[in-house]
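# Coordinate analysis (summary)
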Amino acid sequence: IGLHENIRALVDCFGSLESEVRIEAARALAKLARKYRASVLATFPPTAEAKRPGIAWALGLAGVRVNELLPALVDEDARQWIAYMVGSQDPAAMLSEIDTLRARDAEVYFAVTVLWKILGSWIRNLDEY
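None of these values were measured; they are calculated from a predicted model.

## Overview of the packing of aromatic side chains
- All chains considered together, the criterion is met by one aromatic pair.
- The interplanar angle of 85° and the centroid separation of 5.7 Å between the aromatic rings of Trp81 and Tyr84 together place this pair among those described as edge-to-face. Within this pair, Trp81 and its partner Tyr84 are both found in helix H6 (residues 76-87), separated by three residues, close to a single helical turn.
- Residue class for Trp81 comes out partly exposed when judged on its relative accessible area of 24%.
- Of note, Arg52 hangs over the ring of Phe44, and the distance from its end group to the ring centre comes to 5.2 Å.

Structure (structure tokens):
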């Protein structure tokens, strides 16, 4: 699984009907994304919407940067997943690049800041009971 050549095969697994297959493929892709982030990111824009969540999750764990994601703002679905990827990062680590996102796509910037607000709030892990 640790081979660069397996990236496309793992992304293809996200089309599986079995959630266990998708979960294990996402976990394996996250490991590869730490070493081959640019290659994993290159699969994101052309991939079908149904498969993008696994790529976004893996890239989010790999610490993807705003400047790397700007070329992937190709459609509404990609923009939403990019908001997730940036919004799941530490805001302090993204501050130097966040103005670039605001200038390029104000709506995605807004979504990211809302996500940061929620995830940084005391209600984040609050359970009803």
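This is not the end of the story, as more comes after the structure.
## Some words on the pattern of salt bridges
- On inspection of all chains with the given rule, the structure shows eleven salt bridges.
- Residues Asp12 and Lys51 are paired through a salt bridge, measuring 3.6 Å at the closest nitrogen-oxygen approach. Of the two residues, Asp12 sits in helix H1 (residues 7-13) while Lys51 sits in the loop between helix H3 (37-43) and helix H4 (52-62), which places them 39 residues apart along the sequence.
- You can call Asp12 partly exposed: its relative accessible area is 38%.
- On the basis of relative accessibility, which here comes to 22%, the residue Lys51 falls in the partly exposed class.
- For Glu68, the salt bridge is made with Arg37, and the minimal N-O distance between the two is 3.0 Å. Placement of Glu68 in helix H5 (residues 66-69) and of Arg37 in helix H3 is noted, with a sequence separation of 31 residues between them.
- Residue Arg37 is classed as partly exposed on the basis of its relative accessible area, which comes to 25%.

## Considerations on helix H7 (residues 91-104)
- Compared with the 20 Å implied by 1.5 Å per residue over 14 residues, the 18 Å span of H7 between its first and last C-alpha is a close match.
- Along H7, the sharpest kink reaches roughly 60°, centred on Glu97.
- Within H7, burial applies to Met94, Glu97, Ile98 and Leu101.

## What to know about the packing of H7 against helix H8 (residues 106-119)
- In the contact formed by H7 and H8, the axes pass within 8 Å of each other and the chain directions differ by 150°. By the angle class used here, H7 and H8 are roughly antiparallel. Packed against H7, whose contacting residues are Pro91, Met94, Ile98, Leu101, Arg102 and Arg104, the element H8 presents Ala106, Val108, Tyr109, Val112 and Trp116 at the interface.
- When the residues that make up the contact of H7 with H8 are grouped by side-chain class, the tally is nine nonpolar, no polar and two charged.

## Concerning the packing of H6 against H8
- Packing of H6 against H8 leaves a shortest axis separation of 9 Å and a crossing angle of 40°. The pairing of H6 with H8 is recorded here as oblique in orientation. The chirality of how H6 crosses H8 is right-handed. Between H6 and H8, the contacting residues are Arg79, Ile82, Ala83, Tyr84, Val86 and Gly87 on the first element and Glu107, Val108, Ala111, Val112, Leu115, Trp116 and Leu119 on the second.

## As for the environment of Gly54
- Residue position: Gly54 is located in helix H4.
- In contact with Gly54, other than residues within four places in its own chain, are Phe14 and Leu29.

The rules we used
Residues numbered from 1 in each chain as written. Predicted model: local features only at pLDDT ≥ 70, side-chain atom pairs only at ≥ 80, totals over all residues. Heavy atoms only, no water. Phe/Tyr/Trp six-rings, centres within 6.5 Å; stacked < 30°, edge-to-face > 60°. Helix = DSSP H or I, 4+ residues; strand = E, 2+ residues; numbered from the N terminus. Buried < 20%, exposed > 50% of the residue type's maximum accessible area, 1.4 Å probe, protein only. Lys NZ or Arg CZ within 6 Å of the ring centre and 35° of its normal. Salt bridge = Lys/Arg side-chain N within 4 Å of Asp/Glu carboxyl O. Expected span 1.5 Å × (residues − 1). Bend = angle between axes of the 7 residues up to and from the residue. Axes fitted to C-alpha atoms, helices over the stretch in contact; angles between N-to-C directions. Parallel < 35°, antiparallel > 145°, perpendicular 65-115°, else oblique. Contact = heavy atoms within 4.5 Å. Nonpolar A, V, L, I, M, F, W, Y, C, P; charged D, E, K, R; others polar. Left-handed = near helix turned anticlockwise from the far one by under 90°.

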